[in-house]
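Breakdown of the fold
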Amino acid sequence: MRVILVHITGIILMVTLSLKASGQSMLKDEKIKATILKAMDLTYNFEFDEADEVISEVKAAYPTHPAYNFLKGMNLYWKMYYFNTFKENSGEYLKYLDAALQQAQARITKNNKDPEGVFFSLAIYSSLAHYHSQMKETMKAVNNAKKTYEYVKTGFSLKDIFNEFYFTTGLYDFYVEQFPETHPVFRPFMVFFSAGGKEKGIKELEIAAANSLFSKVEANHYLANIFLRYQNTPEKALKYTTLLFNKYPNNLYFLSRHIESLLGTDDYSEAERLSLILRSSGKKYFEMASYVFLGIINEKGKKRPEHAKAFYLRAVNMAPEINTPNKDYVSFAYAGLARIAESRGESDKAKAYYQRALELAEYTSVIDEAEKYLKKGK
């Protein structure tokens, strides 16, 4: 199901460049393909102004193609995390998606099998579903997910021809099973979607990570997320987070995921070194994440619960300043505070902290830990 909640990316755009299309197509323009890849790499490396300059070249060459607005949206999405401006810029982000969607749908109106129109529509609807899910707008998320699914189905028959499709089918097969488990509110709506399979989805994503060209970054990204967030196997995630961290050293989001993998494999020394980079970044979301990581390092690595508690509380107190909807790291802090409270015999505090962690958590490790404690206390 996460294929309908995927981060806005250029993956689908690059797939379309491998297919035969009509209209204002980029298919035979090797220069513009290289330009798009360059823009994506700059965005992934958090070089936003440089990416915008390159993206402007796409508009100059193809003014009515959805690529420009889509790439602008992609660049802005990452900027919102970096600069903590989700509330201020989400309206502008939606305008880029809407403009790209109108251009994509115009292509479909002329030719309902136009691959660039079809796949941009897929990417945009999935991005809208992701946004509305983050904003807890369930019906809007579901409606956009249903529209995405209609386009996704095409990819199932094409994945053996184009490796890029292993990314979208892999995401679908994994998340159509995982998402309603993590978000039960969506369970009644799953009748609209065909069954998938978690292991099948992981295998397809691994094929994309190993063999695809344009979806390689996102395939590695989502495999890391799956192993960290849902499978609780950080030793498997480390392979993917290391690759992303090395290729995009300025991407603080990828750095955060890498630190998670290091913590999960008990490499506290390297995790601490990298956490200090996050702390000195001056970016609120990532500074808050650093305090969570330093709390874990002090609690589990250095066995200093007082220091850990101070870091956890600092992260919790910073949380209201973070205007991005993703609060997973705050759930880590509450779980840490709960463990420390329980170790001191403060069961009421531990219960309250675990309840708060459960409200924010998406990681199965945090959910399982909190639910186990709360059930025990009944």
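Residues numbered from 1 in each chain as written. Predicted model: local features only at pLDDT ≥ 70, side-chain atom pairs only at ≥ 80, totals over all residues. Heavy atoms only, no water.

Here we look at the overall build of the protein chain
We count it as follows: For helices the rule is a DSSP run of H or I covering at least 4 residues; for strands it is a run of E covering at least 2, with both sets numbered from the N terminus onward. Exposed residues in this analysis have more than 50% of their type's maximum accessible area, buried residues have under 20%, and partly exposed residues fall in between, with area computed by a 1.4 Å probe over protein chains only. The criterion used for residue contact is that any of the two residues' heavy atoms lie within 4.5 Å.
The helix and strand inventory of the protein chain stands at 18 helices and 0 strands. Here the protein chain, with 378 residues, has 60% of them falling under the buried criterion. Counted over contacts in the protein chain with a minimum sequence separation of 6, partners at least 24 positions apart contribute 63%.

Considerations on the packing of helix 14 (residues 284–301) against helix 15 (residues 305–318)
In a pair of packed helices, the angle between the axes and the distance between the axes together describe the arrangement. What counts is decided by this rule: Axis geometry follows a simple rule: fit a line to the C-alpha atoms, using only the stretch in contact for helices, then measure angles between N-to-C directions, giving values from 0 to 180 degrees. In this scheme, roughly parallel covers angles under 35 degrees and roughly antiparallel covers those over 145, while 65 to 115 is roughly perpendicular and the rest are oblique. What makes a crossing left-handed is the near helix being turned counterclockwise from the far one by less than a right angle; a clockwise turn instead makes it right-handed. Residues are grouped as follows: nonpolar covers Ala, Val, Leu, Ile, Met, Phe, Trp, Tyr, Cys and Pro; charged covers Asp, Glu, Lys and Arg; every other residue, Gly included, is treated as polar.
Axis separation between helix 14 and helix 15 bottoms out at 7 Å; the angle between their running directions is 160°. Regarding the angle of helix 14 to helix 15, the classification is roughly antiparallel. Our pair here, helix 14 against helix 15, has a crossing hand that is left-handed. Residues Lys284, Glu287, Met288, Tyr291, Val292, Leu294, Gly295, Ile296, Asn298 and Glu299 of helix 14 form the contact with helix 15, whose own contacting residues are Pro305, His307, Ala308, Phe311, Tyr312, Arg314, Ala315 and Met318. By residue class, the composition of the contact of helix 14 with helix 15 is 11 nonpolar, 3 polar and 4 charged.

So, helix 3 (residues 48–61)
Test applied: For a helix, the expected span equals 1.5 Å multiplied by the residue count minus one. It is the directions from the helix axis to the C-beta atoms that the arc portrays.
When the terminal C-alpha atoms of helix 3 are compared, their 20 Å separation across 14 residues agrees well with the 20 Å that a helix rising 1.5 Å per residue should span. Along helix 3, the positions that sit buried rather than exposed are Phe48, Ala51, Val54, Ile55 and Val58. For helix 3, the angular spread of the buried residues around the axis is 125°, confining them to a single face. In helix 3, the exposed residues that point more than 90 degrees away from the buried face are Asp49, Glu53 and Ala60. If you follow the buried residues of helix 3, they end up packed against helix 2 (30–44) and helix 4 (67–83).

Some words on the pattern of salt bridges
Where charged atoms from two side chains of opposite charge come close, those side chains can pair. Quick reminder of the rule: The term salt bridge refers to a side-chain nitrogen of Lys or Arg lying within 4 Å of a carboxyl oxygen of Asp or Glu.
Inspection of the entire model under this criterion finds 14 salt bridges. Close ionic contact of Lys198 with Glu181 constitutes a salt bridge, the shortest N to O distance being 2.9 Å. Taken together, the residues Lys198 in helix 9 (residues 198–211) and Glu181 in helix 8 (residues 165–182) connect sequence positions 17 residues apart. According to the relative accessible area criterion, Lys198 is partly exposed, its value standing at 23%.

Thoughts on the packing of aromatic side chains
The condition is simple: Within 6.5 Å between ring centres, the rings of Phe, Tyr and Trp (the latter by its six-membered ring) count as paired, and their orientation is classed by plane angle as stacked under 30 degrees, edge-to-face over 60, tilted in between.
Across all of its chains, the model carries 34 aromatic pairs by this definition. Aromatic side chains Tyr77 and Tyr81 sit 5.6 Å apart centroid to centroid with 50° between the ring planes, which places their arrangement in the tilted category. Of this pair, Tyr77 and Tyr81 are both found in helix 4, 4 residues apart, which corresponds to roughly one turn of the helix. You'll find Tyr77 and Tyr81 in the same group, each marked buried. Relative to Tyr373, the ring of Tyr354 lies with its centre 5.0 Å away and its plane at 40°, an arrangement referred to as tilted. Highlighted residues: Tyr354 in helix 17 (residues 347–360) and Tyr373 in helix 18 (residues 364–376), separated in sequence by 19 residues.

Comments concerning helix 4
Between the first and last C-alpha of helix 4 there are 24 Å, a value that for 17 residues agrees with the 24 Å anticipated at 1.5 Å per step. Of all the 17 residues making up helix 4, 15 are buried; the element is thus mostly covered by neighbouring parts of the structure. A positive phi of about 60° marks Asn84, the residue just after helix 4.

Some points on the nonpolar core
For clarity, the threshold we go by: As used in this record, nonpolar core signifies buried Ala, Val, Leu, Ile, Met, Phe, Trp, Tyr and Cys residues forming a set joined through side-chain atoms within 4.5 Å.
Counting residues in each nonpolar core, the largest one holds 122 residues, and the members touching the most others are Met288 and Tyr329. It is helix 4 that provides the largest number of residues to this core, a total of 11 residues. Setting aside its immediate chain neighbours within four residues, Tyr329 contacts Ser256, Arg257, Glu260, Tyr285, Met288, Ala289, Val292, Phe293 and Tyr363.

Examining a negative patch on the surface
For the record, the criterion: Within this analysis, patches are made of residues with over 30% relative accessible area and no salt bridge. Like charges are joined at 9 Å or less; nonpolar side chains (Val, Leu, Ile, Met, Phe, Trp, Tyr) at 5 Å or less. Accessible surface area values rest on a Shrake-Rupley calculation with a 1.4 Å probe, where residue burial reflects the displayed protein chains alone. When charges are counted, neither His nor the chain ends are considered; positive counts come from Lys and Arg and negative counts from Asp and Glu. Where a charge sits is defined by one atom per residue type, namely NZ (Lys), CZ (Arg), CG (Asp) or CD (Glu).
A cluster of acidic residues, Asp49, Glu50, Glu53 and Glu57, forms a negative patch at the surface. With respect to the secondary-structure elements, Glu50 resides in helix 3.

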